[in-house]
Amino acid sequence: MNRAEKAALQLQAVSVLRMLKETRTYDELAELTGLPAGDLNRYVNGHVLPGVERAREVVEGVGRNALADELEARVRFDDEGYVDNSGVVFDQSFLDLVAPVAANTLNFERPDVILTAATDGITLGAAMASYFGARLAYAKKSKETAVEDFIESRQRLASGIELTYYLPASAIDAGERVLVVDDLIRSGETQELLLDIALQADANIAGVFALIAVGDEGTNRARELTEAPVGALSIFE
Ligand SMILES: O=P(O)(O)OC[C@H]1O[C@H](OP(=O)(O)OP(=O)(O)O)[C@H](O)[C@@H]1O
Ligand SMILES: Nc1ncnc2[nH]cnc12
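All of these numbers come straight from a predicted model, not from anything done at the bench.

The rules behind the values
Residues numbered from 1 in each chain as written. Chains lettered and ligands numbered in written order. Predicted model: local features only at pLDDT ≥ 70, side-chain atom pairs only at ≥ 80, totals over all residues. Near = placed C-beta within 6 Å. Helix = DSSP H or I, 4+ residues; strand = E, 2+ residues; numbered from the N terminus. Nonpolar A, V, L, I, M, F, W, Y, C, P; charged D, E, K, R; others polar. Domains from an automatic or database assignment. Contact = placed C-beta atoms within 7 Å. Axes fitted to C-alpha atoms, helices over the stretch in contact; angles between N-to-C directions. Parallel < 35°, antiparallel > 145°, perpendicular 65-115°, else oblique. Left-handed = near helix turned anticlockwise from the far one by under 90°.

Describing the site of ligand 1
- Taken together, 15 residues lie around ligand 1, and Thr 119, Asp 120, Arg 186, Ser 187 and Thr 190 are the ones closest in.
- Put simply, the parts of the chain that give the shell around ligand 1 at least two residues each are strand E7 (177-185) and helix H8 (189-200).
- Counting residues per element, the shell around ligand 1 draws most heavily on E7, at 4 residues.
- Split by residue class, the shell around ligand 1 holds 4 nonpolar, 6 polar and 5 charged.

Some words on the domain arrangement of the protein chain
- Domain annotation for the protein chain reports domain 1 (3-74) and domain 2 (84-236).
- Taken residue by residue, the interface counts 13 residues in domain 1 and 11 residues in domain 2.
- Mapped by element, the contributors of at least two residues to the side of domain 1 that touches domain 2 are helix H1 (3-21) and helix H4 (52-74).
- It is H4 that provides the largest number of residues to the side of domain 1 that touches domain 2, a total of 9 residues.

Quick notes on the packing of H4 against helix H6 (residues 92-106)
- Direction vectors running N to C along H4 and H6 enclose 125 degrees, while the axes themselves pass 10 Å from each other. The orientation of H4 with respect to H6, classified from their angle, is oblique. Regarding H4 and H6, the two cross each other, and that crossing is left-handed. Of the residues in H6, those in contact with Val 59, Glu 60, Gly 63, Arg 64 and Leu 67 of H4 are Leu 97, Val 98, Pro 100, Val 101, Asn 104 and Thr 105.
- The residue inventory of the contact of H4 with H6, partitioned by class, reads 6 nonpolar, 3 polar and 2 charged.

Here we look at the site of ligand 2
- Residues in contact with ligand 2, as listed here, are Tyr 82, Val 83, Leu 184, Arg 186 and Val 214.
- Partitioned by chemical class, the residues of the shell around ligand 2 number 4 nonpolar, no polar and 1 charged.

What follows is the structure, encoded as structure tokens:
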């Protein structure tokens, strides 16, 4: 880890602690994290930064569970099991907290490009790209104007409807490491199309990450298509 990465991790831990502090007293935060309340006060108020190892424990341990709880509190299911995740994908600062937690706990290789699907994957993709210093590419269901060359991937869904995603061919170079992300994975059809686009670009897959997995169909499908790590922050049955 270089110095900038250490500093990013330390600041990240402060952000996680501040988010947790919003709904807790310092004593409750001390109980949750196992850290002394006085230290937590100094971190939250920005007087002192946690050491790198402490920062890692906060981001990887408490951070992950707390974020998963927060995510679960923010999403709503309708009567037919569809998810309203606007409380999550519209909140860039929440997503900024997700990126390092995902990276630290799922052990992806550092990507060159984050690949996602318009529309709802874009804000998570932007947070991940910013964290890794990677580019963001998003495939769309229609062709972007003035772009000549596209990679396209088409699939007939169980419903019989055909779904096509298009990505400007210049968005990914051969040999680049691509991390595929999305807000939600259910059937895995979208991830399959994104993985196909990355393979058409002769890229290497670094991993597949979703905020929310509804059941395990989609993640299992992705695991059949790549040996890279596949995971989600929260799984809903
Ligand atoms: O695993 P799957 O069954 O493929 O479902 C997941 C996909 O569905 C949603 O996108 P949607 O197609 O609704 O487009 P949107 O982001 O524009 O709403 C979601 O953002 C994922 O991309
Ligand atoms: N919002 C949503 N909830 C559940 N499954 C989905 N598949 C595509 N969009 C979805």
